[in-house]
Each structure stands twice: as structure tokens, then as C-alpha cells.
There are 2 protein chains.
Amino acid sequence: MDSTEKQNIKSIDKIIVTSLKNEELQEFNRIFYGRVDQHTLALKDSSLKLAASNHFEISGYDFPGHTEETRSPRKIRIGIIQHSIAISTNKPIKQQREAIFMKVSKLIEAAGEEGVNVLCLQEAWSMPFAFCTREKIPWCEFAENVTDGLSTQFLKSFAIKYNMVIISPILERDEFRGDLIWNTAVVINEKGIVMGSHRKNHIPRVGDFNESTYYFEGNTGHPVFETKYGRIAINICYGRHHPLNWLMFGLNGAEVVFNPSATVSGLSEHLWAIEARNAAIANSYFTCAINRVGTEIFPNEFTSGDGKQAHNDFGHFYGSSYVTAPDGTRTPSLSRTMDGLLISQIDLNMCRQIKDKWGFAMTQRLDMYARSLSKYVEGKELQLVKDK
Amino acid sequence: MDSTEKQNIKSIDKIIVTSLKNEELQEFNRIFYGRVDQHTLALKDSSLKLAASNHFEISGYDFPGHTEETRSPRKIRIGIIQHSIAISTNKPIKQQREAIFMKVSKLIEAAGEEGVNVLCLQEAWSMPFAFCTREKIPWCEFAENVTDGLSTQFLKSFAIKYNMVIISPILERDEFRGDLIWNTAVVINEKGIVMGSHRKNHIPRVGDFNESTYYFEGNTGHPVFETKYGRIAINICYGRHHPLNWLMFGLNGAEVVFNPSATVSGLSEHLWAIEARNAAIANSYFTCAINRVGTEIFPNEFTSGDGKQAHNDFGHFYGSSYVTAPDGTRTPSLSRTMDGLLISQIDLNMCRQIKDKWGFAMTQRLDMYARSLSKYVEGKELQLVKDK
């Protein structure tokens, strides 16, 4: 954890709103968020009460797009949830999972009541992010089957009840293929049926992110799920650092790419507002950056490969989940310290509208890059100009 | 131009510094810039005086890197210059260019006196950005030969005097190959010799950026220039929207990539802080985003393809040039309204240090993407999962 971090500060968004006035705030909003007016969504009193009584933040924003003559607007509501774990990591696994289920059910309920059509949870949402420990016992026991694991079973009923597509990022156990563990996002459609899943493409080896101790680079390519509500994809966590990962989801037709993550403040907080937003801009689609919240403390101490003493905590997961539209405008972040639900009403027509406006897809010269990358991979000579 | 823009506001960086106090400012700096302390460079009194008397901003920042046992630090100073045009666009071409030369010479002098080793000017620096007009006459006459055009001649003497590599982005006339016009960056080494040049890879068709009326997509690939001071490359303007363009410069070995640009506030100001910074993060190198300043008014009116009335100005070029290090930390921006010189003292060793830390190059699975991109270009089936 960055020693200078001030845990009492909820978000830089909130600092700005309370410190800047009038013209200066407008100008900050215009340049920082891409629009002077945040286009706040009115939420139901019942949702606000549910949030208050369960100690989570709820907020909503609108991204309207422009009216077309020959296509109707394709407005949907997407929701993203960030949350801390619910009880101590030294409790029995079943209890830990149950407690998370209990807490998250309230957030899902709020999303359902607000008419969210596609909801995404954070990475490995049903467990603590125990990969810092490098211990196999007991953490591997959190791994679940995609089709009928406890998380999938739990979420199916919500999907049906609220007519909602739910993306459930879990630790997967593939019982039928080598009993392997994977970092996987399960897509459950609005009928409660598993449409498919996607395995994390890029696995970190940085700081306490010892995930390659548990699972390998994903083998599912870059699937885009054509749901009732739109074409969605999932770029899991560390994949957000890789522009080519974002690109392939876009080429396969994604209109919304969710980025369920788990990342801590000393490592990545200054990168967080950049990467998923850049992906939205470069690929003319919506992106949703989701991070977990809170500090997770583990029973046995571990070292972090940084010369410091052994310790028991992973550092602070700083939340700050946000959504970016294809035109690069974005929502403020959820809190750095609280559970939260962020709802965005989006018009999927914006993807094509922005492609027409900016022309990035048209001008990207993919044929040239396919050749250049192939040459690089084959070890051909680099294009280096020596001094005379 | 964005009608809400407040021209009296110099930069959001300056708003923040004057509005936030103590702990909140520290926290903003930590999250927004990536470091609490800006590591300001002490500049010479003579440079500050030169800046004041010629009405330009000058600022400097340090990016120290960490000490290694087996490699010495590779500290260099890089400089970027932003400026407005100098006299009215209805004056004779020679006068316009002379006036820009005169103004820019002061900024180059300041860079030289501060020991800048590699200096980059803005896109098409020796002329107004007249491509909004779609007129060939008289603007094509600003096009110059790479080897001995007036800009190259002008800059050679400074390169020799200050022992400085200078990147000169110009409108090129290739007199020997079809008399074609290109958007080109010329690299002049510290002996005043032209090392080579690079032509803009991606040409915009957005808003008033009618550049494809004048020149085609570049045919020079992704050269990296191995100068006395380090390996540098140039991603010209609209290429910053293309992650693959940034990637190829990185794969060819670039340690610093300059992004000389010309872009206006109604169009891109909310994207400006994102794209070059994301490229620095994704590719573990330094990036320098450079934009021109001021509003350029042209003799004949033109339309902007946006249903609005014909007019004579291009909108406000918002400056805001900045530098990002491989670890994602960045400098504050230069002003939105004034000419400026931004100096950064950087340790090129940081590129490898950050590659070791974050592992993006190691984990990027280029072989998979080379295959995926080739398939996409060949028109193979997309990876789309249909609903059941």
C-alpha cells in the first residue's frame, strides 16, 4: 500500500465537487469527464433506502446518444457492483461465501428494481482475493463449476426474477478437463441459462498478484456474447493493460466490454482512470471498469517480493468503478471505500455513431498491423534507424 | 468549438493547485498524476527571464528511476514546445514562416540553455493548420523538402549549437517522388545531420481535420531512431488514437515516443490526457503529447460538416502538452492558452525497470494476436456466441 494514501478520502471526484465552484467546476467537468452536465439518473426512493440501510452507494448516469431517422434508440441499463468481503478470511469457506452472497443480494436487488438489463460483478466476487498468499489450501476450494457451481445457482434466480443478464466472474474449476482452475467470467442470460464463459487472457506477475500460481492464460479467445440486450464481452482484470485484448473484443463486435478487476492502491490507482477509458475511445464501445473494495487480511503472513517485512494484508482495494462511453465521456467513480452499485443508461447506437464521427475503425490499417505483428513474432529484423 | 469553453481558464491543473489544500491536494496528485511530489526541476534565472520577456511558459520535471547496480542511470533531458502562429494567415507565406521561426527560436534557445538533449516541435509547426479550409492554394506552398527545406536549414544550426537532437514535424514535399505531399517528422541529429524521417501513419477524417485532402497514409512503417541520447520515435497526431501504432514503435525498441499534434477543444480535449498516457503505460516507454495553441483564423470561410454556418476559424487549439513516464506518472500540462516549453529530465532505464515490474511485454501473447488479426483481416468468422 502506498504509505501516503489517505483512507478517509472517499474519491477525488468528491474532493473536486466540494472544492471547485461555478465556472471552474464546469470547466473541470468538461475537460475531465468530457461533459459539463453529468446527466444524473433519477433513482427510486426505495433503491436509495435499500442502499442506505445496507451501507452501499448507489448512483446512476445517462448517456443518451443522438436521434437517428432510420434506427430506433437501443437504450439499455447496465449495472456494475463493487463490494468488500463480508466476514473474516479465517472463517470456514462456506460461511465466507454465504456472507458474500447475502451482502451482494441486496446490491443485485437494487439493480433489479432499477431495471438494470445487464449486470456485472467484480472479479472472483464470491471469495477473498487470496492469490497474494500463494497457498493452495484452503483457497482452491473456492473454485466452482461454471454450469452449476454455487455462484451460478445463486445468480440464476436473480437473472430470471429481474429479466437480467448477469456476468459472474468466478474462480472456475473445470471438473471435466483435468480439474484445472481458471479465472473465468460466466454469462447467465435473462432466462437463467448459462450462455457461455470466458477465461482471463492475461495473467499478472506483479506485486502480490501471484495468480499464475493458480491458473494459466485463458484458452477461450475473445468471445462476444450476443444477448437479448446487446453484444457484450468481458476483459478480466489485468487484460485491461493489453490494448490488443480490448481490440479483439471490439473486432468481434462488442458494444459493451466489462472489466471486472481486483487491484490495490499502491500499485495501480493512477492508471485506473486511464486504461478502460482509453479502450472505450480506441474501440468506440462502452467500457465498465469494476474494482473490489476494502482491505483483505489473511490468516498466514506472506511476503510481497519488495524487500519489506512479511505481513497479512493485500493492501487497499480502492473501488472507484466507473463507466466510459464510446465518445470518451465518463461517469464519476464510485467510492474508494464503500460497496456500490453504478447504473448507466446507455444507447448502444452510440457505438456506430462514434465510429462514423471519429473513423478509428476505418483508419486503423489492420492489414498493415497483421503483417507487422507476424513479422515481429517470427523474429524478423526491427525497424531501427542507426545514426550516421 | 465547445460553446461552454472558458478561454480565461489556463488549465485544470492550475485550478486544482489553487483550489485544493494540503491532504486533499496530496491525494489528488497521488491519484491523478501518480505521485504526490511533482519533482519540479530548478530552472535557470536566464531561462525564466527569456520566457517572461517572450510571453511563454517554461516548466521542468524530473523522473528519476531507481538506482541499479550493474547499469549507470541514462539520464537525458527532453523538451517539447507548443506555440501559436505568429502573424495573420492572410500575410505572404514567407512572412508567416519567418514570423514563426522568430518566435520559436526563443523557445528553442531556452531549451538549449537548459541542456535539453532531444527537442520536439508540434505538428506542422512552421505553418498554420490550414487543412480545415480544403484549399490547395496557397497552403500547399508551405510544403518543404526533408533534407534541405527552410525548416530543416533553420533547425540545423540550433541542433549543432546546442548539441541537441531536434524533431521537426513539417508538411513535406517529396520533390523526387511524384511531388507528393506528406505529413512528416524530420529527425535532425546533434551534428545537424538529417537521420531520417517518418510519415504520419493514420490520417483523420473528423470535424475540420480534412487532411486526407492533402496527403495519404504514411508509407514509412514504424521507424525508431537510435540517437546519441536514446531510441526515439514519432507518432504523429491522429496516430495517438491507434493503440497498434503506439505498439509497433515500442516493439521496434522506442524508449521515448513523441506525439506532435494539432487538436481543438470542442473535439478532443477530454481525450487528450488519456491516450498518450495510456500508450506510455501499455508500452513501458515515455510519451510526450504536444499540441499547438491558439485560434487560427483563415481568409476564406469554410464549413465544418456539422450543419452550422460557414465560418473562418478552426476553433481553439488547447495546448496542454504533457509528458508521461513508463510507470504512468505524468507532468502537469502546459497552459491551454500560452506558448510553452516543457522540459523533463528522464532516466531511460525506467523503461526496462517498468517492464520488469509490470510484465506487460512478457504477458502480451503477441503470437495469439498476430494470428487473430490475420484471421480478421482475411474475413474469417467472428467469435460471436449466440443466445440459446
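This one's a predicted model, so the numbers in the text were calculated from it and none came from an experiment.

Asks: Any chance you could break down the relation of the copies chain B and chain A for me, citing the residues and the numbers?
Replies: The second copy of the chain is related to the first by a rotation about an axis and a shift along the axis. Placing chain B over chain A gives an RMSD of 0.0 Å and needs a rotation angle of 180 degrees, together with 0.0 Å of translation along the axis. Classification of the inter-copy transformation places it as that of a two-fold axis. When the interface residues of chain B are mapped onto chain A, 100% of them are again interface residues, pointing to one common binding face.

Asks: Summarise a nonpolar patch on the surface; cite the residues concerned and give the values.
Replies: All names here are of chain A. On the surface, Tyr376, Val377 and Leu382 cluster together into a nonpolar patch covering about 220 Å² of accessible area. Position of Leu382 among the secondary structure elements: in the loop between helix H9 (366-377) and strand E15 (384-386). Residue classification places Leu382 among the partly exposed residues on the basis of a relative accessible area of 35%.

Asks: Help me get a handle on the packing of helix H2 (residues 22-32) of chain A against helix H1 (residues 12-19) of chain B, residues and values and all.
Replies: Relative orientation and spacing of two packed helices are given, respectively, by the angle between their axes and the distance between those axes. Between H2 of chain A and H1 of chain B, the least distance of the axes is 10 Å, while the angle of their chain directions is 135 degrees. Here H2 of chain A is positioned oblique relative to H1 of chain B, judged by the angle of their axes. In the packing of H2 of chain A onto H1 of chain B, the handedness of the crossing is left-handed. Contacts between H2 of chain A and H1 of chain B pair Glu24, Glu27, Phe28 and Ile31 of chain A from the former with Ile12, Ile15, Ile16 and Ser19 of chain B from the latter. Along the lines of polarity and charge, the residues of the contact of H2 of chain A with H1 of chain B split into five nonpolar, one polar and two charged.

Asks: Give a description of the pattern of salt bridges that names residues and reports values.
Replies: Here the structure, examined in full by the defined rule, presents 40 salt bridges over all chains. We note a salt bridge from Glu275 of chain A to Arg240 of chain A, for which the minimum N-O separation is 3.7 Å. Here Glu275 of chain A is found in helix H7 (residues 265-283), whereas its partner Arg240 of chain A is found in the loop between strand E8 (230-234) and helix H6 (243-251), with 35 residues between them in sequence. Each member of the pair, Glu275 of chain A together with Arg240 of chain A, is buried. Put simply, Glu172 of chain B and Arg199 of chain B hold a salt bridge, and the shortest N to O gap is 2.8 Å. Remark: Arg199 of chain B occurs in strand E6 (residues 194-199) and Glu172 of chain B occurs in strand E4 (residues 165-174); sequence separation between them is 27 residues. Each of the salt bridges in this network shares a partner with another, and the network as a whole consists of Glu27 and Arg30 of chain A together with Glu269 and Arg336 of chain B.

Asks: Mind laying out the interface of chain B and chain A, listing which residues take part and the relevant values?
Replies: Taken together, the contacts link 96 residues of chain B with 96 residues of chain A. Here chain B meets chain A over a buried area of about 8,800 Å², counting both sides, of which 63% is carbon and sulfur. Of all residues in chain B, Trp358, Tyr369 and Gln383 of chain B bury the most surface against chain A, accounting for 8% of the area lost on that side. Run the count over chain B and chain A and you get six salt bridges. Arg336 of chain B is paired through a salt bridge with Glu27 of chain A; the nearest N and O atoms lie 3.7 Å apart. Taken together, the links from chain B to chain A amount to 39 residue pairs in polar contact (both at pLDDT 80 or more). A breakdown of the residues in the side of chain B that touches chain A according to their chemical character gives 42 nonpolar, 29 polar and 25 charged. Bridge count for strand E7 (residues 224-227) of chain A against strand E15 (residues 384-386) of chain B is three bridges, and the pairing is parallel. Across the sheet, residue Phe225 of chain A finds its bridge partner in E15 of chain B, namely Val385 of chain B.

Asks: Outline the confidence of the model for chain A, supporting the account with residue identities and numerical values.
Replies: Residues and elements named next belong to chain A. On average, residues of chain A score 96 in pLDDT, and 98% of them are at 70 or above. At the low end of the mean pLDDT range in chain A sits helix H1 (residues 12-19), at 90; at the high end sits strand E3 (residues 118-120), at 99. Model confidence for the complex is summarised by a pTM of 0.97, with the ipTM given as 0.97.

Asks: Let's hear about the packing of H9 of chain A against helix H9 (residues 366-377) of chain B: which residues, and what values?
Replies: Running from amino to carboxyl end, H9 of chain A crosses H9 of chain B at an angle of 145 degrees, the nearest separation of the two axes being 9 Å. Both H9 of chain A and H9 of chain B take part in a crossing whose hand is left-handed. In contact with Leu366, Asp367, Ala370, Leu373, Ser374, Tyr376 and Val377 of chain A of H9 of chain A, H9 of chain B contributes Leu366, Asp367, Ala370, Leu373, Ser374, Tyr376 and Val377 of chain B. Looking at the contact of H9 of chain A with H9 of chain B, its residues break down into 10 nonpolar, two polar and two charged.

Asks: So what's going on with the state of the cysteines? Residues and values would help.
Replies: All names here are of chain A. Under the definition given, this model contains zero disulfides over all chains. Free cysteine Cys132: the closest other cysteine sulfur is in Cys140, separated by 13 Å. For Cys132, a relative accessible area of 0% translates into the label buried. Considering cysteine sulfurs only, Cys120 is the nearest to Cys288, which forms no disulfide, with 7.5 Å between them. According to the relative accessible area criterion, Cys288 is buried, its value standing at 0%.

Asks: Explain helix H8 (residues 349-358) of chain A residue by residue, including any values.
Replies: Taken residue by residue, H8 of chain A has Asn349, Met350, Cys351, Gln353, Ile354 and Trp358 of chain A as its buried positions. Check the buried side of H8 of chain A and you find it contacts strand E1 (56-63), strand E10 (286-291) and strand E14 (339-347) of chain A together with helix H7 (265-283) of chain B. Following H8 of chain A by one or two positions, Gly359 of chain A has its phi on the positive side, about 75 degrees.

Asks: Outline the side chain of Asn117 of chain A, listing residues and values.
Replies: All names here are of chain A. Within the secondary structure layout, Asn117 lies in the loop between helix H4 (93-113) and E3. Here Asn117 falls in the buried class, since its relative accessible area comes to 17%. Beyond its immediate sequence surroundings of up to four residues, Asn117 is in contact with Ile76, Arg77, Met164, Val165 and Tyr229.

Asks: Before we move on, could you go through the sheet that holds E3 of chain A and cite the residues and values that matter?
Replies: Residue and element names in this part refer to chain A. Taken in spatial order, the seven strands line up as E1-E14-E2-E3-E4-E5-E6 in an open sheet, and their pairing is mixed. This sheet does not close on itself; its edge strands, each paired only once, are E1 and strand E6 (194-199). Averaged over neighbouring strand pairs, the angle between their axes works out to 25 degrees when direction is ignored. Looking at chain direction, E1 and E14 are connected through eight bridges and run parallel. Considered in E14, the bridge of Gly60 is made with Ile343.

The rules we used
Residues numbered from 1 in each chain as written. Chains lettered and ligands numbered in written order. Predicted model: local features only at pLDDT ≥ 70, side-chain atom pairs only at ≥ 80, totals over all residues. Heavy atoms only, no water. Least-squares fit on C-alpha atoms with pLDDT ≥ 70 in both. Contact = heavy atoms within 4.5 Å. Patch = residues over 30% accessible without salt bridge, like charges linked within 9 Å, V, L, I, M, F, W, Y side chains within 5 Å. Areas by Shrake-Rupley, 256 points an atom, 1.4 Å probe, with all protein chains shown as cover. Salt bridge = Lys/Arg side-chain N within 4 Å of Asp/Glu carboxyl O. Helix = DSSP H or I, 4+ residues; strand = E, 2+ residues; numbered from the N terminus. Buried < 20%, exposed > 50% of the residue type's maximum accessible area, 1.4 Å probe, protein only. Axes fitted to C-alpha atoms, helices over the stretch in contact; angles between N-to-C directions. Parallel < 35°, antiparallel > 145°, perpendicular 65-115°, else oblique. Left-handed = near helix turned anticlockwise from the far one by under 90°. Nonpolar A, V, L, I, M, F, W, Y, C, P; charged D, E, K, R; others polar. Buried area = accessible area lost by both parts, 1.4 Å probe. Polar contact = N/O pair within 3.5 Å; in protein donor to acceptor, adjacent residues only side chain to side chain. Pairing = 2+ DSSP bridges. pLDDT = per-residue confidence, 0-100. Disulfide = S-S within 2.5 Å.

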